[in-house]
Amino acid sequence: YLETALSYLPAAELYGVTPKDYGPASQRTDGRPWDLIIFEDYLPATLPEVPILAIDPPRTSALGEVAGTLRNPGIATLDPDEPILRYVDLSTTHIAEAARLTTPDWARTIIPGPKGAPLLYAGTRDGLATAVLAFEPRQSDLPLQVAFPILIANLTGELMGGSTAPTEAVEPGT
């Protein structure tokens, strides 16, 4: 689901690396560093110095504290002015399981969960754009909704220097 959503982004080049093949020296085939690294259910001992999206982090790290598991967490009230949630409707989203995270000082909660536990947070960590999603998308029905590719587009836009989503209404036909 994630790869499909990312493939819709203009000018996106996707590369997959297994955890055993990942290393600090991992670079694109042309030698340039990655623009964004997405870790899914894995974190290396040393985090790279590029923007990161961590999905379902398996342990506490510099990205934040993992303090257990949430079963069937509901989504709390969303901020209507949050740019990452622009055009994203999560009202029918169900999540089976998520990591119980604590929002670090460098981040803001994007999708609040039960009792203040964030389901998604983002911010600037040590000068690097970073976001953490508390659940594996396959543990929810989010990838089956129109909201998923829009959320991924908005999130990667912010992590890579600004969303390309329009900030005002778009007239039909344009």
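Please read these numbers as outputs of a predicted model, since none were measured by experiment.

### Things to note about helix 2 (residues 147–159)
The terminal C-alpha atoms of helix 2 lie 18 Å apart, and with 13 residues this matches the ideal 18 Å at 1.5 Å per residue to within 8%. On the buried face of helix 2, the contacting elements are helix 1 (2–7), strand 2 (52–55), strand 5 (107–112), strand 6 (118–125) and strand 7 (128–133). Immediately downstream of helix 2, the backbone of G161 shows phi near 110 degrees, a positive value.

### What about the environment of I75?
Tracing the chain through its elements places I75 in the loop between strand 3 (65–71) and strand 4 (97–102). Along the chain, I75 and T174 lie 99 residues apart, while their C-alpha atoms are 34 Å from each other. In this structure, I75 is in contact with L90, T93, I95, I111, P112 and L119, ignoring residues within four places of it in sequence.

### A few points about the environment of L53
Positionally, L53 belongs in strand 2. Look at L53 and you get buried, because its relative accessible area is 2%. A sequence separation of 69 residues divides L53 from A122, and the C-alpha atoms of the two residues are 8.8 Å apart. Those residues in contact with L53 that sit more than four places away from it in its chain are L36, I37, I38, F39, A131, L155 and L159.

### A closer look at the pairing of strand 2
Of the two faces of strand 2, the one carrying I52 and A54 and the one carrying L53 and I55 are both buried. With 4 bridges connecting them, strand 1 (residues 37–40) and strand 2 associate as parallel partners. Bridged to I38 within strand 2 is L53. As paired strands, strand 2 and strand 7 are joined by 4 bridges and run parallel to one another. If you follow L53 over to strand 7, its bridge partner there is A131.

### Observations concerning unusual backbone geometry
Backbone phi values are negative for most residues with the exception of glycine, while trans is the configuration of most peptide bonds. A positive phi is found at N72, a non-glycine position, where the angle reads about 50 degrees. You can see N72 is positioned in the loop between strand 3 and strand 4.

What counts as what
- Residues numbered from 1 in each chain as written.
- Predicted model: local features only at pLDDT ≥ 70, side-chain atom pairs only at ≥ 80, totals over all residues.
- Heavy atoms only, no water.
- Helix = DSSP H or I, 4+ residues; strand = E, 2+ residues; numbered from the N terminus.
- Expected span 1.5 Å × (residues − 1).
- Contact = heavy atoms within 4.5 Å.
- Buried < 20%, exposed > 50% of the residue type's maximum accessible area, 1.4 Å probe, protein only.
- Pairing = 2+ DSSP bridges.

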